[in-house]
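Each chain, letter by letter, is given below.
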4 protein chains.
Amino acid sequence: MTIDASHTADRIRLGMVGGGQGAFIGAVHRIAARIDDQFTLVAGALSSDPARAAASAAEIGIPSDRSYASYAEMARAEAARPHGIEAVSIVTPNHMHAPVARAFLAAGIHVICDKPMTLTVPEAEALVDLVAKTGKVFVLTHNYTGYPMIRQARAMVAAGELGEIRLVQAEYPQDWLTEPAERTGSKQAEWRTDPARSGAGGAIGDIGTHAYNLAAFVSGLETEALLAQLTSFVPGRPLDDDVQILLRYRGGARGMLWASQVAVGCENGLKLRVYGTKGGLEWTQADPNYLWFTRFGGPKQLLTRGGAGAWPQAGRVTRVPGGHPEGYLEGFATIYAEAARAIRAARTGQPPDAEVIYPTVQDGLDGMRFIAAAVASSQAGNVWTSLA
Amino acid sequence: MTIDASHTADRIRLGMVGGGQGAFIGAVHRIAARIDDQFTLVAGALSSDPARAAASAAEIGIPSDRSYASYAEMARAEAARPHGIEAVSIVTPNHMHAPVARAFLAAGIHVICDKPMTLTVPEAEALVDLVAKTGKVFVLTHNYTGYPMIRQARAMVAAGELGEIRLVQAEYPQDWLTEPAERTGSKQAEWRTDPARSGAGGAIGDIGTHAYNLAAFVSGLETEALLAQLTSFVPGRPLDDDVQILLRYRGGARGMLWASQVAVGCENGLKLRVYGTKGGLEWTQADPNYLWFTRFGGPKQLLTRGGAGAWPQAGRVTRVPGGHPEGYLEGFATIYAEAARAIRAARTGQPPDAEVIYPTVQDGLDGMRFIAAAVASSQAGNVWTSLA
Amino acid sequence: MTIDASHTADRIRLGMVGGGQGAFIGAVHRIAARIDDQFTLVAGALSSDPARAAASAAEIGIPSDRSYASYAEMARAEAARPHGIEAVSIVTPNHMHAPVARAFLAAGIHVICDKPMTLTVPEAEALVDLVAKTGKVFVLTHNYTGYPMIRQARAMVAAGELGEIRLVQAEYPQDWLTEPAERTGSKQAEWRTDPARSGAGGAIGDIGTHAYNLAAFVSGLETEALLAQLTSFVPGRPLDDDVQILLRYRGGARGMLWASQVAVGCENGLKLRVYGTKGGLEWTQADPNYLWFTRFGGPKQLLTRGGAGAWPQAGRVTRVPGGHPEGYLEGFATIYAEAARAIRAARTGQPPDAEVIYPTVQDGLDGMRFIAAAVASSQAGNVWTSLA
Amino acid sequence: MTIDASHTADRIRLGMVGGGQGAFIGAVHRIAARIDDQFTLVAGALSSDPARAAASAAEIGIPSDRSYASYAEMARAEAARPHGIEAVSIVTPNHMHAPVARAFLAAGIHVICDKPMTLTVPEAEALVDLVAKTGKVFVLTHNYTGYPMIRQARAMVAAGELGEIRLVQAEYPQDWLTEPAERTGSKQAEWRTDPARSGAGGAIGDIGTHAYNLAAFVSGLETEALLAQLTSFVPGRPLDDDVQILLRYRGGARGMLWASQVAVGCENGLKLRVYGTKGGLEWTQADPNYLWFTRFGGPKQLLTRGGAGAWPQAGRVTRVPGGHPEGYLEGFATIYAEAARAIRAARTGQPPDAEVIYPTVQDGLDGMRFIAAAVASSQAGNVWTSLA
């Protein structure tokens, strides 16, 4: 309801790398970009296979002269042409995130990039530097931070409603890799269980980072160290499909994080619970319009998106009234809406308004450090490992 | 996931009547039209106030030469120009639905229209005739029929999974009119409680028709008669804010329907339960990704959108994997996606594929008969009243 | 926790009529009577079959000289003997409630009786008179009124937390009579579908009265008239297995009541919702430790038995801390605990404390009037029928 | 329903140590012992304060000549008298469990004992030996194992419904020690945070052991090692109020366990999730009548106590029909009912039937080893520690 429609007459010109036919996340990004009508998709290098790239572009209405066979060519050509793209969405498998991002940043184009941000920590550190140097907007699509009640949770913690935070419980169980789907034809399973394309982490990179990022986003806490146990339950799988982590935050708070791809009956069971000296919060991704809040000594409250207990920080990123559920795509769209605000501000050389929030390149680096520390801790026999 | 992207390169040219600044449902229609990228909004008569119409158009990127001061002018001009709009969305208060629809149908333009369809039954009957005569596509936005698990519920009933239907329980409680909001500045409350703009029904027209339509959509039953008690609990309110109805369906099934705008704690509590000789179903709009199903003598099953128990009829109108919730806007978008399929088929002079489902002008007439019968039954002292 | 243990050293001597081997509800009453240790079961006429009566008595530890072959003999003998029973529990099929109650009241023995209280309204009226004349305690086991959160709901309504009540929604769906179980060997189904043993009502007497009583208990409203549609969905079943009722309460509140024995997937789905000008409540028997409460304009609250939002009226009838669920038997036990308090007060010739609450013979009469009015309304073509 | 009433005429003579006025758990044990009518409480040493012991005994109907000022005297006197007690319930603070148990076992009296069983592992080992030597029945009241759906969960795992177990997630959050209640007059808080009376573990002993025992009971897995982090969040509290544990089971399964007394909004949030190669289970103590089960590739099922998906192992310990909730006290009563079966079998010198299940002295030893290992692991810097 409160998503402002201003400037949609002047949409941001967007390109996309990856997301051709058969991909899942590319279509999600495109819908997310359309929902608030701030972008117009005009160029793409949708597949590393030129024929599929062209066919995919035609299918979604990208003119053939702006469908490119390679991201490098696209970055070059779009930077050179008048009214070339202002921003690019990177929706490739993980190993391509960093090279593509570098190419477009270097060409002066803003970047919206999927997570995990890179394959390695040094790559991520280099990207942080490049973003700083170029001054371009870099948005990492930790899309769950776009849910209205997550925004509210963060605001409530920041406002002290929970007191001093003591405990964080984050989990993200799934079951789609319970059996070796990567050996029975699932493209999604193939690259996600392949170290060459996914990096050193399996479940930890794919979903563990989401849980980790969400915990940090809401709690505002910085991680001091972690102790991780990564497991591959499916024989022959080279990457972890289950992750169990203990967390120590600066200031004394402690956390547990569990992510799994073999928890039968779980679809996308991302859940976050935060407890402080004065209150507690609970939120579940499958039912994102609800936020449970208890003030110590008071009754439990079920705060609803758009309802009487909603805060402005939730209302700001909400489109329909309470009781009409918003979902995954709307949360994702909020990341794009925030990106749009940042890009419009950048047009004028200004930073965006203070209320504009999105996951940054620094969050991407933190996520890579989290993955690296978890892998190292697990390999060293489950010992405390610093994230610094 | 299975929403095909074909032809989005060739989007349907859409206009809108109503939905200017300050309106709620216009923005919803626009998002819904964008989500699956089948439409491009190019013209509008967004307000009956010319200045607001122009400002609203500018804001959302409608060229000024296609922003009209009246719907009549818009119908005329768009029909006359090359590449004029192929379809119009009517999102005005109720009393304008019929005149606007007539104008565009007469101009050879397909219609997507909000509900309730008209103010009176004769108006609705005339519209049925006009649609038949013109051969144009007419889609009524009973948007809840677009939810994937509602599609599945309908398919399960049709396939006999519940046996012979005995009972239908439909309800739609809200609380936003608990107090006289129409006298404290709510525009939404003002026109919805005004007989001149809403027709003879208040809650029954605004939300009762949704519950009624959904019950028919899922159960496949035809109503024989109803017995209604309409109440205005808020003193001075000229239209009902609470509706209690008994239903008799052809073949012996029976139903109850409750709609209320004064049920404190309810947001948009649309809920449908259907029971047959062999099984039972339960669905709730606030949590639309779930469908409870019990086969008599078996355990309860929680079927999830995209999950293991999902049917193709649900999958066909689903965009993201199970466990990632879809919501109100996606359900609404499905109405638009189905409209697009029907309109594309109409371009070739064909009916759409059999699997394409949308609420029709006949459903609109049924809804008007439902409202009229309920008002008549209530005024006659709560007696059985035929819908014929 | 707050159930006082006082006087358990001096337990009330209790007899039972009905409840022999194979009966369900007799065992429930016995557990309920034991939980708070206020009664000791010392006599019984457990079956109309003398052999079964004796065997049943032996099994549960009733001395053989106090196991009777008939209730009449039992009333006579126990009244005559020193330290005979002070109270009797009547757990027979419906048609025997009144004759047994009369016999024991006449013998000066307090009565705890199952519902529905009698077969007919005149029988019930006569019982009201007899209770008044004898001055004995008469407790009707509308056991759901014993749930702590129902006590709280009643207290909240009485305290004005909901404002003026507008709407009551009561329902009690089950599915155990979906098929003709009475013809396939279910004793429970046999007598409950037999007018000679159940009276004029099937579902309405068995579960409809529970829903009706609970609505009255919580809302405090008096019924003016009802309009009922009773249906027997299973061919050949002489009594209703589904009940749909509209209610008008004195003062203008309105209600709907649904009870069904053919709603597949429903076990004992008793649910009550009450809405007033200032607040709304919702409670479900299957999850009885929770009470949803919303103050208009405030967030939803989930009040829990024993939790921070619990009222003293709930705490008074609670045995274990919040988060440790109490259930059906504890609610039933509260009826017995209240009966004990009334009986102990009666020993001293005093009325019980004001906080002691239990369903009375007057509630039993109201229930019979409800059944009679519903049957009459339904037979007359679903017309408004007074309960007076 | 299936709890047999046999022999209640011949109830087991029971004594109690602890549980005088002001205690919570003593009253729970007494209700639990009464529910299935297998015991009669005839003797007690209810308090270490003689006056309170006598007053408490009088209040609950224990004859004054069998109210003892010390447990030692009680053991001696009851063993000596004809028709002395056959079993004793020990409901004291933790530090007295072992001495009292030893005294009664030595006197030839069966023992029903609260958990954690002792203060130290050697004490527990000695008790195992003593039970073996005396041949007496020893039942540890890990009461949550008495819930019907927990029995079913165990049976389903044992029957292979989940395949090979991979993951166990157990948690038990509470919030009642969020603030230093032990310094503001809570007796319960005082002894539970006092190492002299509670032993080396706080939350881990009080609730962590419950979660640990339940995980083992259902999964059937044996623990190889654990890695624990114990925290005292409340300044000055000498024992842990939060416990985070990683678990390695023999055979390769892994687990996480969290118990907390400072998780605001949690009452008694015991929850168990078990995942195997073929299926997954989820159960929550606050809603104990439900068991979620998913077979990989199938829809989620909500199995209900007494419902269509209930197994005989659940039905065996169930008292009322599906949809009528049972709770904490009934689960606790099942421990007593099983104890009664074991004691009756012992009267005849036989072991109980194979279907009789209760937590044993060995489970008590396992619990003490769990506590000791967790404390050791935490003190050593969170390293893997064997339970052997």
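Residues numbered from 1 in each chain as written. Chains lettered and ligands numbered in written order. Predicted model: local features only at pLDDT ≥ 70, side-chain atom pairs only at ≥ 80, totals over all residues.

Engineer: Help me out: how do you make sense of the overall build of chain A in this one?
Structural biologist: Within chain A, the secondary structure is distributed over 12 helices and 14 strands. Since a compact globule built from 388 residues should have a radius of gyration of about 21 Å, the 20 Å found for chain A is in line with a globular shape. Once the C-alpha set of chain A is aligned to its principal axes, its extents read approximately 65 × 50 × 40 Å. Counting only residues that meet the buried cut, chain A has 65% of its 388 residues in that class. By sequence separation, contacts in chain A at least 24 residues apart represent 69% of the contacts at least 6 residues apart. (Helix = DSSP H or I, 4+ residues; strand = E, 2+ residues; numbered from the N terminus. Rg over C-alpha atoms; globule rule 2.2 N^0.38 Å. Buried ≥ 20, exposed ≤ 12 C-beta atoms within 10 Å, placed from the backbone. Contact = placed C-beta atoms within 7 Å.)

Engineer: Help me understand the sheet that holds strand 3 (residues 87-90) of chain D, please; the structure alone is not making it clear to me.
Structural biologist: Across a sheet, paired strands are connected by hydrogen bonds in the backbone, their directions being either parallel or antiparallel. Residue and element names in this part refer to chain D. One open sheet accounts for 5 strands, arranged 2-1-3-4-5; its pairing is parallel. Edge positions in the open sheet fall to strand 2 (39-45) and strand 5 (138-140), since each of these has one partner strand only. When strand polarity is set aside, the average angle formed by the axes of neighbouring strands in this sheet is 20°. The pairing of strand 3 with strand 4 (residues 110-113) spans 4 bridges and is classified as parallel. Residue pairing across strands places Ala 87 opposite His 110, the latter belonging to strand 4. (Pairing = 2+ DSSP bridges. Axes fitted to C-alpha atoms, helices over the stretch in contact; angles between N-to-C directions.)

Engineer: I'm lost on the relation of the copies chain A and chain B in this one. Help?
Structural biologist: The operation relating chain A to chain B is a screw motion whose rotation component is 180°, with 0.0 Å of axial translation and a residual RMSD of 0.0 Å. Both copies of the chain, as the preceding transformation shows, are related through a two-fold rotation axis. If distances are taken from each C-alpha of chain A to the rotation axis, the shortest is found for Gly327(A), at 2.6 Å. (Least-squares fit on C-alpha atoms with pLDDT ≥ 70 in both.)

Engineer: Where do I start with the interface of chain A and chain B in this structure?
Structural biologist: Many analyses report the size of an interface as the accessible area lost when the parts associate. Chain A puts 33 residues into the contact, and the matching count from chain B is 33 residues. Mapped onto the side of chain A that touches chain B, the elements with two or more residues apiece are helix 1 (25-35), helix 2 (50-59) and helix 11 (328-347) of chain A. When residues of the side of chain A that touches chain B are assigned to their parent elements, the largest contribution, 4 residues, is made by helix 1 of chain A. Taken together, the residues that form the side of chain A that touches chain B break down as 14 nonpolar, 11 polar and 8 charged. (Nonpolar A, V, L, I, M, F, W, Y, C, P; charged D, E, K, R; others polar.)

Engineer: For this particular structure, what's the right way to read unusual backbone geometry?
Structural biologist: One can expect most non-glycine residues to show negative phi and most peptide bonds to be in trans. Across the junction of Lys115(C) and Pro116(C), the peptide omega takes the value -10°, indicating a cis bond. By the element assignment, Pro116(C) lies in the loop between strand 4 (110-113) and helix 5 (121-134). Even without a glycine there, the phi angle at Asp37(A) is positive, about 60°. On the neighbour-count criterion, Asp37(A) (23 C-beta atoms within 10 Å) is buried. Phi is positive for Asn382(B), close to 65°, though the residue is something other than glycine. In this structure, Asn382(B) sits in the loop between helix 12 (361-379) and strand 14 (385-386).

Engineer: Would you mind showing me how to read the pairing of strand 7 (residues 223-231) of chain D here?
Structural biologist: A regular strand places its side chains on the two faces of the sheet in alternate fashion. Residue and element names in this part refer to chain D. The buried fraction of strand 7 amounts to 7 of the 9 residues, a majority that puts the element mostly inside the structure. Pairing of strand 7 with strand 14 (residues 385-386) involves 2 bridges; the strand directions are antiparallel. Directly across from Ala 225, in strand 14, lies its bridge partner Ser 386.

Engineer: Mind showing me how you'd approach the nonpolar core here?
Structural biologist: In globular proteins that are soluble, nonpolar side chains generally tend to be buried together. Ala374(A), Val111(B), Ala374(B), Ala374(C), Val111(D) and Ala374(D) are the most contacted members of the largest nonpolar core, which totals 528 residues. In this structure Ala374(A) touches Ile204(A), Leu226(A), Ala228(A), Leu230(A), Val243(A) and Ile245(A), once residues within four positions along its chain are discounted. (Core = buried A, V, L, I, M, F, W, Y, C linked by C-beta atoms within 7 Å.)

Engineer: Mind showing me how you'd approach helix 6 (residues 148-158) of chain C here?
Structural biologist: For the α-helix, the turn length of 3.6 residues means that residues three or four positions removed from each other point alike. Residues and elements named next belong to chain C. Judged by how many residues are buried, helix 6 sits mostly within the fold: 9 of 11 residues are covered. Of all the positions in helix 6, only Pro 148, Met 149, Ile 150, Arg 151, Gln 152, Ala 153, Arg 154, Met 156 and Val 157 are classed as buried. Looking one or two residues beyond helix 6, the residue adopting positive phi is Gly 160, at roughly 85°.

Engineer: Please clarify how the relation of the copies chain C and chain D should be interpreted in this entry.
Structural biologist: The operation relating the two chain copies consists of a rotation about an axis and a shift along that axis. Between chain C and chain D, which share one sequence, the superposing operator has a rotation angle of 180° and an axial displacement of 0.0 Å; the RMSD is 0.0 Å. Mapped onto chain D, 100% of the interface residues of chain C again fall at the interface, so both copies present the same surface.

Engineer: I would appreciate a short explanation of the confidence of the model for chain A in the present structure.
Structural biologist: For residues with low pLDDT, the predicted coordinates do not support detailed interpretation. All names here are of chain A. Across chain A, pLDDT averages 95, with 98% of residues at or above 70. Within the model, pLDDT remains below 50 along residues 1-7, and this stretch shows 15 contacts once partners closer than five positions in the same chain are excluded. Predicted complex, confidence summary: ipTM 0.95, pTM 0.96. (pLDDT = per-residue confidence, 0-100.)

Engineer: How should the sheet that holds strand 1 (residues 12-17) of chain A be read in this particular structure?
Structural biologist: All names here are of chain A. Pairing is parallel across the open sheet formed by 5 strands, whose spatial order is 2-1-3-4-5. Whereas interior strands pair on both sides, the edge strands pair on one side only; in this sheet they are strand 2 (39-45) and strand 5 (138-140). On average, each strand axis in the sheet is tilted by 20° relative to the strand beside it, whichever way the strands run. Where strand 1 meets strand 2, 6 bridges bridge the pair, whose relative direction is parallel.

Engineer: Which parts of the structure should I look at to understand the interface of chain C and chain D?
Structural biologist: Each partner contributes residues to the interface: chain C has 34 residues there, and chain D has 34 residues. If you list the elements that add at least two residues to the side of chain C that touches chain D, you get helix 1 (25-35), helix 2 (50-60) and helix 11 (328-347) of chain C. The greatest single-element share of the side of chain C that touches chain D, amounting to 4 residues, is contributed by helix 1 of chain C. Among the residues making up the side of chain C that touches chain D, the classes are represented as 15 nonpolar, 11 polar and 8 charged.

Engineer: What exactly am I supposed to notice about the domain arrangement of chain A here?
Structural biologist: Residue and element names in this part refer to chain A. You can read the domains of chain A as domain 1 (8-143 + 356-360) and domain 2 (148-321 + 364-379). The distance between the C-alpha centroids of domain 1 and domain 2 comes to 26 Å. Taken together, the 18 residues of domain 1 in the interface contact 18 residues of domain 2. Of all the elements, helix 5 (residues 121-134) adds the most residues to the side of domain 1 that touches domain 2, at 4 residues. (Domains from an automatic or database assignment.)

Engineer: Teacher, can you tell me more about helix 12 of chain B here?
Structural biologist: Residues and elements named next belong to chain B. Counted at 1.5 Å a residue, the expected span for helix 12 with its 19 residues is 27 Å, and the 27 Å between its end C-alpha atoms agrees. Of all 19 residues in helix 12, 15 are buried, a share of seventy percent or more. Once helix 12 ends, the next one or two residues include Gly 381, with phi positive near 95°. (Expected span 1.5 Å × (residues − 1).)

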